[in-house]
There are 2 protein chains.
Amino acid sequence: MLSTMQDVPLTVTRILHHGMTIHGKSQITTWTGGPEPHRRSFAEAGTRATRLANALRDELGVTGDDRVATLMWNNAEHVEAYLAIPSMGAVLHTLNLRLPAEQLIWIVNHAADRVILVNGSLLPLLAPLLPHLPTVEHVVVSGPGDRSVLDDAAPRVHDYEELIAGRPDTFDWPELDERQAAAMCYTSGTTGDPKGVVYSHRSIYLHSMQVNMSESMGLTDRDTTLVVVPQFHVNAWGLPHSTFMSGVNMLMPDRFLQPAPLAEMIEKERPTHAAAVPTIWQGLLAEVTANPRDISSMANVTIGGAACPPSLMEAYDKLGVRLCHAWGMTETSPLGTMAFPPAGLSDEEEWPYRITQGRFPAGVEARLIGPGGEVLPWDGESAGELEVRGPWIAGAYYGGSGSEPLRPEDKFSADGWLKTGDVGVISPDGYLTLTDRAKDVIKSGGEWISSVELENALMGHPDVAEAAVVAVPDDRWGERPLATVVLKEGATIGYEALRAFLAESGIARWQLPERWAVIPAVPKTSVGKFDKKVIRKQYAAGELDVTQL
Amino acid sequence: MLSTMQDVPLTVTRILHHGMTIHGKSQITTWTGGPEPHRRSFAEAGTRATRLANALRDELGVTGDDRVATLMWNNAEHVEAYLAIPSMGAVLHTLNLRLPAEQLIWIVNHAADRVILVNGSLLPLLAPLLPHLPTVEHVVVSGPGDRSVLDDAAPRVHDYEELIAGRPDTFDWPELDERQAAAMCYTSGTTGDPKGVVYSHRSIYLHSMQVNMSESMGLTDRDTTLVVVPQFHVNAWGLPHSTFMSGVNMLMPDRFLQPAPLAEMIEKERPTHAAAVPTIWQGLLAEVTANPRDISSMANVTIGGAACPPSLMEAYDKLGVRLCHAWGMTETSPLGTMAFPPAGLSDEEEWPYRITQGRFPAGVEARLIGPGGEVLPWDGESAGELEVRGPWIAGAYYGGSGSEPLRPEDKFSADGWLKTGDVGVISPDGYLTLTDRAKDVIKSGGEWISSVELENALMGHPDVAEAAVVAVPDDRWGERPLATVVLKEGATIGYEALRAFLAESGIARWQLPERWAVIPAVPKTSVGKFDKKVIRKQYAAGELDVTQL
């Protein structure tokens, strides 16, 4: 039996129209570094987005599902691109300006971008890449910056403001299929080529609704959100679209991401919410401790991208700023969980919930897969790899123009769920606690041992400076943990004593490592994470001085 | 270019699972009239819904898209039916217990309901209908009531609790197409047969998301909503599904809808929100004025179904209870508008927004169609018929089993929009003010004259008790207004004076009626509304003493 409901697609075009009319008075405020920020209403931004669509089509020849890339900071023009490009049927491709040059080149060529919108301040980054980007026909420059670095032969260079000036305020927006591509973002994993995630109009629309729902961020047109998380980083966690949908005012820092200007814009513009990774909040805390500023308007902060130390949350609590954990990935749009505690608890009772990754919103289904491939219960104890399913979760990667999507087995289950690569437990009331990365977990006799748990316990010993635990092959158990420790200067503690210390710390007997090695330092990746690949290679090559207890 | 997102349907099943796990501790509290209400957690209600699905399939043979009807008050069991029936792939058909018997019979037969779930207290209503309901094979009785009124020959009678007892706590829920029928509700217009609106899983899921969004109701698991609007009335405005999705606690009055028990349950259970038609709030105000109760917990109230007198809003403001207008229809699921004022206004500045019907949420597109079929601007002045479009708006009516859907031209535009039958204006910032019903508006020389505006102006004169204005044929203008007035006892004012009074009240010159008649009383429908059909017929038959000025 069919319903009698209208068949209306969920599109970014609808977000554009709704935001610029019903919420036309809401504002995008962009920091300029000068005495006054730049302010633009949603009505104006929507009109300018419409002009941009006309310019892209009529002047630059953008058509069909052409990819239009952005290499931009968070600002009003970048929001305009977020709205115009998908609405006209093209595909917004956000470029991560922090990537190495060779990765950026690979990504632009793989996506076959025809146009790049770029902030003037980023031209020194873009200029040397252009000779390697044969698909790019047009570069559109917005904002201040020395444009002389561009060779104006090929591709053609345009000024954003000149390009959109005088264009019509209306556009014959196409009727889109909601499953059509709207935007894309490449993950920059440490191994293999970057992988392209292609968001649909449907996924962006539904993700925006969920972000605006009461069980998620639930901001209103009374709120202003400080969007520190970059627009090139999973669509700024979906905020430009979700806020435009609900009339939430945006405060955009542009390139002023240092602690001092962030503190200044918070004190002056009084956002009620903000979103950024822990590093930003560490820096801001140091700044406002050294040079006090009133940041208390910012009552709620969404923090994600990496684990947040509880001490940081406590420090902000004292400033009247509540940090709320969120977990997600490029493949999850990114809203996967948010750590709002259940209702009716005291501050003390809320704490154990706040330090989890949080609970799943209505649109995200989750399951834990155990070492034997079995689905584990939500009992707060059974650890497994997290798999997720939902309308804004990737089920494949972009294979390149004309190619089939990629569905690597280590990333997607046979029944289509995303394998997150994260290992954790889920409580009976649905709160996720991540304990390890799947590639680092030790698979011992059909059970999993968390490397992170062992490392944290070891680093709790006063003689231990650092510790990294990796899986090594074992004839009997398949894998067993190898504990590598860096001792503090002058420390002489033995392995038996460290093993006993682990047992006292509550590590189960069968999880205690038998293999131990002292190393001078834990190898690190370029971003400072433990590089366990190196330790595993050193062990395989017999380069470590291993003692077996 | 296709996205790489998973293709996951939006279903009531997902609402069921999410609510009973992530929000498993939230509660449905049902008033019993006894010293203690009945309390049931979402986890328990979800489990019982699962048992109900098993019972309906295994014991009653419900299969495919069978229609399962409910003739019930607002209570936990009715919520269980809301979740179980669509999730198993069947169609929930809510029956309006206020309808005349012959309409109920017509509706049940048209939908071909196989099962009716009924509250025991409603058996006296159902019993006499059963002989006329040949498709109904099973009656399932829940709650107290004299069951002896049922002839237990045909159909078979079951007790709800006995039926679900001991059934499995799991169900192999089917993978559903989100466009599949989930629920149906018949409109009870004053003319013609009732018309069935069939909601899809998609429409219910998206409507629930929108209700939970910050620009709409945006309630959280910290809230409790008092659901007075009946579950047989446009799915209780979508609340049972939307609250289950977000963990909002429900307070259900069951059959205790009188002002005194409502006041008692508000004082004792302290809901933070409520939803009902103006009549309910009129009654409650009289009650708490006569017998004071603390109802201030109920800070936000959604009021719809009929226009709310500003004086009622002002009276509740003084009690700390804010009434918020909403507009919708059975055909709109029903969320069409909500009258939250824009941000940043004083109480005084908010008032003109609060007395409108409100603004459209992201999922509802609106346009005004003028007398010549043209789309009118949102200028706050151009009056036209409101047409709406969106994923939870009807594009047809149910034609009956095996029949094509019905798309009457007076209800749906050629391009698929719903013609609401309401005439109004929309302000530049998207606030809707309804001024008349399309069938009552006077179409004079290509312009529209609001009958309601003329009536309100006339009834502002101290000598006028009642006034009804209808369109009558006019050779030159097509239609012109006929003003029929009921004078107060002893009043002798003449037509010229009334016409001058209208002009002074701000009615445009070309809108002033030329035809006038004094009548003893305005004819009324069975629910007390002006019955303008009767006046038009009396005029056509020459039964009115009309003076032409």
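Note that the structure is predicted; figures quoted are calculated from it, not measured.

A. The arrangement of the overall build of chain A in detail. A tally of helices and strands in chain A yields 16 helices and 27 strands. Seen through its principal axes, chain A has C-alpha atoms that stretch 80 × 65 × 50 Å. Looking at chain A as a whole, 59% of its 549 residues are labelled buried. Carbon and sulfur atoms form 51% of the exposed surface of chain A, whose accessible area is close to 20,800 Å².

B. A look at the relation of the copies chain B and chain A. Of the transformation placing chain B onto chain A, the axial shift is 0.0 Å and the rotation is 180 degrees, giving an RMSD of 0.1 Å. Taken together, the turn and the small shift mark the pair as related by a two-fold rotation axis. Residue Met213 of chain B of chain B places its C-alpha closer to the rotation axis than any other residue of that unit, at 2.1 Å. Comparing interface residues between copies, 100% of those in chain B also sit at the interface in chain A, which points to an isologous, same-surface contact.

C. Looking closely at the environment of Leu432 of chain B. Residues and elements named next belong to chain B. Position of Leu432 among the secondary structure elements: in strand β21 (residues 431–437). With relative accessibility at 0%, the residue Leu432 sits in the buried group. Measuring from C-alpha to C-alpha, the distance between Leu432 and Gly380 comes to 8.4 Å, with 52 residues separating the pair along the chain. The residues touching Leu432, leaving out its near neighbours within four places in the chain, are Trp327, Thr337, Thr356, Gln357, Gly358, Phe360, Leu386, Val425 and Ile426.

D. Just the sheet that holds strand β8 (residues 181–187) of chain A, in detail. Residues and elements named next belong to chain A. Within the open sheet, the 7 strands sit side by side as β7-β6-β5-β3-β4-β8-β9. Their pairing is mixed. In this open sheet, the two edge strands, each paired with only one partner strand, are β7 (156–159) and β9 (195–200). For this sheet the average axis-to-axis angle between neighbouring strands, irrespective of direction, equals 25 degrees. Pairing geometry for strand β3 (residues 67–71) and strand β4 (residues 91–94), over 4 bridges, is parallel. If you follow Ala69 over to β4, its bridge partner there is His93.

E. Expanded view of the nonpolar core. With 170 residues, the main nonpolar core has Phe244 of chain A together with Leu117 and Phe244 of chain B as its most contacted residues. Discounting chain neighbours no more than four positions away, the residues touching Phe244 of chain B are Ile15, Leu16, Gly19, Met20, His23, Phe42, Ala45, Gly46, Val79, Leu83, Leu239 and Met250 of chain B. Counting residues in each nonpolar core, the second largest holds 58 residues, with Leu133, Cys308, Leu312 and Val321 of chain A among its members.

F. Seen up close, the pattern of salt bridges. One pass over the structure, following the stated rule, counts 84 salt bridges over all chains. Salt-bridge contacts for Lys439 of chain A lead to Asp440 of chain A; the nearest nitrogen and oxygen are separated by 3.7 Å. When the shortest N-O distance is used, the salt bridge between Glu80 of chain B and Arg40 of chain B registers 2.6 Å. A residue pair is termed long-range when its members are at least 10 positions apart, and Glu80 of chain B in helix α3 (residues 76–87) and Arg40 of chain B in strand β2 (residues 38–41) qualify at 40 residues. Taking the relative accessible area as the measure of exposure, Glu80 of chain B reaches 0% and is therefore buried. Here Arg40 of chain B falls in the buried class, since its relative accessible area comes to 5%.

G. The arrangement of helix α13 (residues 347–354) of chain B in detail. All names here are of chain B. Along α13, the positions that sit buried rather than exposed are Glu350, Tyr353 and Arg354. For α13, the arc enclosing every buried residue in end-on projection is 95 degrees, short of the 170-degree limit, so these residues lie on one face. For α13, the secondary structure elements touched by its buried residues are α12 (310–318), β14 (322–327) and β21.

H. View of unusual backbone geometry. The residue after Ser333 of chain A, namely Pro334 of chain A, is reached through a cis peptide bond having omega 5 degrees. Locating Pro334 of chain A in the fold gives a position in the loop between β14 (322–327) and β15 (337–338). With a phi angle near 50 degrees, Arg270 of chain A is a residue other than glycine that sits in the positive phi range. Secondary-structure assignment places Arg270 of chain A in the loop between α10 (259–269) and β12 (273–276). Even without being glycine, Ala112 of chain B reaches a positive phi, approximately 60 degrees. With respect to the helices and strands, Ala112 of chain B occurs in the loop between α4 (101–111) and β5 (115–119). Classification of Ala112 of chain B as partly exposed rests on a relative accessible area of 22%.

I. Local environment of the domain arrangement of chain A. Domain parsing of chain A yields domain 1 (8–203) and domain 2 (440–548). With centres defined by C-alpha atoms, the gap from domain 1 of chain A to domain 2 of chain A works out at 46 Å.

J. View of the packing of aromatic side chains. Applying the stated rule across the entire model yields 16 aromatic pairs over all chains. Between the aromatic rings of Tyr353 of chain B and Tyr431 of chain B, the centroid separation amounts to 4.6 Å while the plane-to-plane angle is 65 degrees, which identifies the pairing as edge-to-face. Pair noted here: Tyr353 of chain B is in helix α13 and Tyr431 of chain B is in strand β21, with a separation of 78 residues, a long-range link. Of the two residues, Tyr353 of chain B and Tyr431 of chain B, both sit in the buried class. Note that Arg367 of chain A overlies the ring of Trp417 of chain A, its terminal NZ or CZ placed 4.0 Å from the centroid.

K. Structural context of the interface of chain B and chain A. Contact with chain B, which involves 78 residues of that partner, is made by 78 residues of chain A. Summed over both partners, the interface of chain B with chain A comes to about 5,900 Å²; 54% of that surface belongs to carbon and sulfur atoms. For the chain B face of the interface with chain A, the top three residues by lost area are Met1, Met5 and Gln6 of chain B, together amounting to 15%. At the boundary of chain B and chain A, one finds 12 salt bridges. Scanning the region where chain B abuts chain A turns up 49 residue pairs in polar contact (both at pLDDT 80 or more). Secondary-structure elements contributing two or more residues to the side of chain B that touches chain A are α1 (12–21), β8 (181–187), β9 (195–200), α7 (201–211), α9 (239–246), α13 and β19 (384–389) of chain B.

L. The packing of helix α2 (residues 42–58) of chain B against α3 of chain B, seen in detail. Residue and element names in this part refer to chain B. One way to put it is that α2 packs onto α3 with a least axis distance of 8 Å and a crossing angle of 60 degrees. Compared by their axis directions, α2 and α3 come out oblique. For the pair α2 and α3, the crossing hand works out as right-handed. Across the interface between the two elements, Ala45, Arg48, Ala49, Leu52, Ala53 and Leu56 from α2 touch Glu77, Glu80, Ala81, Leu83, Ala84 and Ile85 from α3. Grouping the amino acids of the contact of α2 with α3 by side-chain chemistry returns 9 nonpolar, no polar and 3 charged.

Parameters at a glance
- Residues numbered from 1 in each chain as written.
- Chains lettered and ligands numbered in written order.
- Predicted model: local features only at pLDDT ≥ 70, side-chain atom pairs only at ≥ 80, totals over all residues.
- Heavy atoms only, no water.
- Helix = DSSP H or I, 4+ residues; strand = E, 2+ residues; numbered from the N terminus.
- Buried < 20%, exposed > 50% of the residue type's maximum accessible area, 1.4 Å probe, protein only.
- Areas by Shrake-Rupley, 256 points an atom, 1.4 Å probe, with all protein chains shown as cover.
- Least-squares fit on C-alpha atoms with pLDDT ≥ 70 in both.
- Contact = heavy atoms within 4.5 Å.
- Pairing = 2+ DSSP bridges.
- Axes fitted to C-alpha atoms, helices over the stretch in contact; angles between N-to-C directions.
- Core = buried A, V, L, I, M, F, W, Y, C linked by side-chain atoms within 4.5 Å.
- Salt bridge = Lys/Arg side-chain N within 4 Å of Asp/Glu carboxyl O.
- Arc of directions from axis to C-beta.
- Domains from an automatic or database assignment.
- Phe/Tyr/Trp six-rings, centres within 6.5 Å; stacked < 30°, edge-to-face > 60°.
- Lys NZ or Arg CZ within 6 Å of the ring centre and 35° of its normal.
- Buried area = accessible area lost by both parts, 1.4 Å probe.
- Polar contact = N/O pair within 3.5 Å; in protein donor to acceptor, adjacent residues only side chain to side chain.
- Parallel < 35°, antiparallel > 145°, perpendicular 65-115°, else oblique.
- Left-handed = near helix turned anticlockwise from the far one by under 90°.
- Nonpolar A, V, L, I, M, F, W, Y, C, P; charged D, E, K, R; others polar.

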